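Chains, contacts and geometry: an overview
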Amino acid sequence: MKIFVPANNKGGVGKTATSVLFAEYATKQLKMRVLGIDLDPQCNFSQRYLSMEVDPSSPEGLMPPIHPDFDPTNLDPLDSEWDGRSSIADIFYGKPIFPYPTYIENLDIAPACGDRLLAAESVRRAELAEKVHKRMQEFLRLPEVEQQYDLAIIDTAPSKGPLTISAIRASTHVIIPTVMEDKPIQGVYGMLQLWMQESFQRPKDLPIELVGILPNMFDQRTTLHNQMYSSLLANKEIGKYVFPDDLKLSKRVVFAETDCTGASPRSIFDFPENNLARKEAVAVCEYITKRIFS
Amino acid sequence: MIKKKRFGVSDAISQGLSDTIKMVENNTAEFRNSVIPLSRIELDPENPRKLALSPKDVEEGIDKNDLQYDSKNKELDGIIELSKSIKDTALLHPIIVYKSGEKYRIVAGERRFLATLLLQRGEIEARVFHEKPTGFKQKLVQWFENNSRENLSLYEKIENIRSLTNEYQALHQIEKISCETLIEITGLSKSQAANYLVALNLSGELYACIKTGRINSLKKVIEITKIKNPQLRKKAIDSCASSSTLVFLRSLVEQDRKHNTVSHHEALTKRGRSATKVNMGFTDNKAIIRKMIYGCIAVMNNPKLTKQTFHDINWDVYEDLTKAFRRLVMILESEE
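Quick look at the structure, then. (Residues numbered from 1 in each chain as written. Chains lettered and ligands numbered in written order. Predicted model: local features only at pLDDT ≥ 70, side-chain atom pairs only at ≥ 80, totals over all residues. Heavy atoms only, no water.)

1. As for the pairing of strand S1 (residues 2-6) of chain A
Residues and elements named next belong to chain A. Burial analysis of S1 places 4 of its 5 residues in the buried class, the great majority of the element. One ladder, built from 3 bridges, connects S1 with strand S7 (residues 151-155); its direction is parallel. Counterpart to isoleucine 3 in the pairing with S7 is alanine 152. Here S1 pairs with strand S8 (residues 173-178) via 3 bridges, running parallel. Residue valine 5 lies in a different strand from S8, and its bridge partner there is valine 174. (Buried < 20%, exposed > 50% of the residue type's maximum accessible area, 1.4 Å probe, protein only. Helix = DSSP H or I, 4+ residues; strand = E, 2+ residues; numbered from the N terminus. Pairing = 2+ DSSP bridges.)

Now the structure itself:
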């Protein structure tokens, strides 16, 4: 099972958009079995596919809805204490996970729970942090998980804290989406540091592959984006990881539109094949597929 | 007029990006540096213990009924000293561990681990191998660890080298490691490596003295090995027990060298093939020949050897004296 992680220190650069895009491409176009994991306390990835509810104990946070398979009258004895909700945060508390099905066939999601993820993120004591760091890897290496899915996609928060470390440590492939502007590119640097740190801990035969630096929300009308992009490409080392010239995700409102509740079409891949946004998305996803699976 | 806009990634970020990528791509390390919770660290049950003291002794105190109470207490004193040093200057030399399931097992640094336990710090700096270093690699790690310790005896140092070289020889299926190879793998200087190779072949009294700690200086050992004379060598070994200086030992070496030089010189004066005849020599003293002949006539009861036998000899003429001496030798030879 491949484990794909979009990550960047900076918020709003397209991590969740990349997670959504590739999850839907892999299931709709490639017919893979995909597990989406939302490690961002903001729960955006989860909200795309589930009707997340407000957590009464933490009004700022969201929690997953009641699981569609929850039947309180017919619970498995092992799950007698289950309240019907399941979040990926439960792995940090030693509880089982019940992924939620989505409207897309073969795409399941292990949603976030804002409050519980924030608690895991705030762990700082070395001993506890170490437990959080390795927990995702342990979970994804469970035979029942590996056999169930071809691909896991972990959406992360704009942070280098324990949760993101946990995701990178579990990953086989990392992608760094960025906007071609100064602060987001500094975020790229920060995330590369984390990639390096985790790479050094890996045995040689199990590296964390860097899929690349994906230009997102690219506005080709602007000198800023074009020159920043060229500047990155000109760098001998980093240039080979920047997505090639015709593979960018342009700044298009359609991506935001499909993210709205009740949107139709719901997915970019439901648009006609000659749609420019869809063509761009397919080209980028084909490149990512090649980088991960070949 | 508005200046044309120009944008680019800052040099600092660009350099940072390059350097980070290069470091990952070029990473050939077999271990990484990390900080590990003490509770995750354990001793390696497959490695023989060098200390009697256990982590439990350090954390809970040594049991008064413990049979090894005295030796453990002595070790604890050393650990306490080490902990003070770590507290003052921090742990500059990480311990070496390898991952074993959920735990990390110590390859080297047991004393530092115990000292850090004593300080009640939650974690320790460690160099983590991805897998347990075995064979030669393990010996090399332990060599570098032990080499940095100041309180290692000469015997321990020699045995560490022996352990390392044996492992290397077995790995490469060679009979004997060369000096150049030893330098390469250990970082020793040329003279140190050469000296240790000499020390590895020691036996007998000198080796016994090293083992018991009577001699703890490699330089003194090397000087002693230069002495061939057994008495001088014994004198040198005994003098080390009473803390003789290197100067004194070198004087013994010099004595030995001179002794060997005289013997050598004597051997050099005899040249050519072995003699098969006696050289009677020459003399200009005429009276000696007459004395010699009359002496033989007096002591020997030989009818052929009388004064009459030499009646024709003129004792004042050298040629007659030579004839008389030859006649004496002939008569004596005819008797044999």
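Now that the structure is up, let's keep going.
2. Describing the sheet that holds strand S5 (residues 100-101) of chain A
Residues and elements named next belong to chain A. Here we have 7 strands laid out as an open sheet, ordered S5-S6-S2-S7-S1-S8-S9, and mixed in their pairing. For this open sheet the edge positions go to S5 and strand S9 (209-215), each flanked by a neighbour on one side alone. Two elements, S5 and strand S6 (residues 107-110), share 2 bridges in a ladder whose sense is antiparallel. Within S6, the residue paired with tyrosine 100 across the bridge is isoleucine 109.

3. Digging into the packing of aromatic side chains
Under the criterion given, the structure shown has 12 aromatic pairs over all chains. Between phenylalanine 45 of chain A and tyrosine 49 of chain A, the ring centres sit 6.0 Å apart and the planes meet at 75 degrees, which makes this aromatic pair edge-to-face. Pair noted here: phenylalanine 45 of chain A and tyrosine 49 of chain A are both in helix H2 (residues 44-49), with a separation of 4 residues, about one helical turn. Side by side, phenylalanine 45 of chain A and tyrosine 49 of chain A carry an identical accessibility label, which is buried. A connected cluster of aromatic rings, assembled from ring pairs, spans Phe4, Phe22, Tyr25 and Phe269 of chain A. Its end group placed over the ring of tyrosine 103 of chain A, arginine 266 of chain A keeps NZ or CZ at 3.7 Å from the ring centre. The residue whose ring lies beneath lysine 307 of chain B is tyrosine 294 of chain B, and the NZ or CZ to ring-centre distance is 5.0 Å. (Phe/Tyr/Trp six-rings, centres within 6.5 Å; stacked < 30°, edge-to-face > 60°. Lys NZ or Arg CZ within 6 Å of the ring centre and 35° of its normal.)

4. As for the interface of chain A and chain B
A common way to express how large an interface is: the accessible area buried when the components associate. Residue-level contacts link 31 residues of chain A with 27 residues of chain B. Taking both sides of the interface into account, the surface hidden between chain A and chain B amounts to around 2,600 Å²; carbon and sulfur atoms contribute 62%. Taken as a group, Phe200, Lys204 and Glu237 of chain A account for 21% of the area that chain A buries against chain B, more than any other trio of residues on that side. Seen at the junction of chain A and chain B, the total is 0 salt bridges. Looking at which element gives the most residues to the side of chain A that touches chain B, the answer is helix H7 (residues 182-199) of chain A, with 9 residues. Here the residues of the side of chain A that touches chain B sort into 15 nonpolar, 8 polar and 8 charged. (Contact = heavy atoms within 4.5 Å. Buried area = accessible area lost by both parts, 1.4 Å probe. Salt bridge = Lys/Arg side-chain N within 4 Å of Asp/Glu carboxyl O. Nonpolar A, V, L, I, M, F, W, Y, C, P; charged D, E, K, R; others polar.)

5. A few points about the state of the cysteines
Residues and elements named next belong to chain A. Applying the stated rule across the entire model yields 0 disulfides over all chains. Left unpaired, cysteine 43 is separated from the closest cysteine sulfur, that of cysteine 113, by 7.0 Å. Classification of cysteine 43 by relative accessible area gives buried; the value is 0%. (Disulfide = S-S within 2.5 Å.)

6. Digging into the environment of glutamate 131 of chain B
In this fold, glutamate 131 of chain B is placed in the loop between strand S5 (123-129) and helix H5 (135-147). Between the C-alpha atom of glutamate 131 of chain B and that of valine 97 of chain B, which follows or precedes it by 34 residues, the distance is 9.1 Å.

7. A few points about the side chain of arginine 40 of chain B
Considering the arrangement of structural elements, one finds arginine 40 of chain B in the loop between strand S1 (31-37) and strand S2 (41-42). Non-local contacts of arginine 40 of chain B, meaning those with residues more than four positions away in its chain, are made with Glu130 and Lys134 of chain A together with Lys99, Glu102, Lys103 and Tyr104 of chain B.

8. Re the packing of helix H8 (residues 190-200) of chain B against helix H10 (residues 218-225) of chain B
All names here are of chain B. Between H8 and H10, the shortest axis-to-axis distance is 10 Å and the interhelical angle comes to 65 degrees. Between H8 and H10 lies a crossing of left-handed hand. Between H8 and H10, the residues in contact are Asn195, Tyr196, Val198 and Ala199 and Leu218, Ile222 and Thr225, respectively. Here the residues of the contact of H8 with H10 are counted per class, giving 5 nonpolar, 2 polar and no charged. (Axes fitted to C-alpha atoms, helices over the stretch in contact; angles between N-to-C directions. Left-handed = near helix turned anticlockwise from the far one by under 90°.)

9. Side note on the nonpolar core
Note that soluble globular proteins tend to have their nonpolar side chains buried in a common cluster. In terms of nonpolar packing, the biggest core is built from 92 residues, with Leu39, Met136 and Leu140 of chain A touching the most fellow members. If you tally residues by element for this core, the top one is helix H11 (residues 276-293) of chain A, at 8 residues. Membership of the second largest hydrophobic core comes to 36 residues, among which are Leu164, Leu200, Ile227 and Leu249 of chain B. (Core = buried A, V, L, I, M, F, W, Y, C linked by side-chain atoms within 4.5 Å.)

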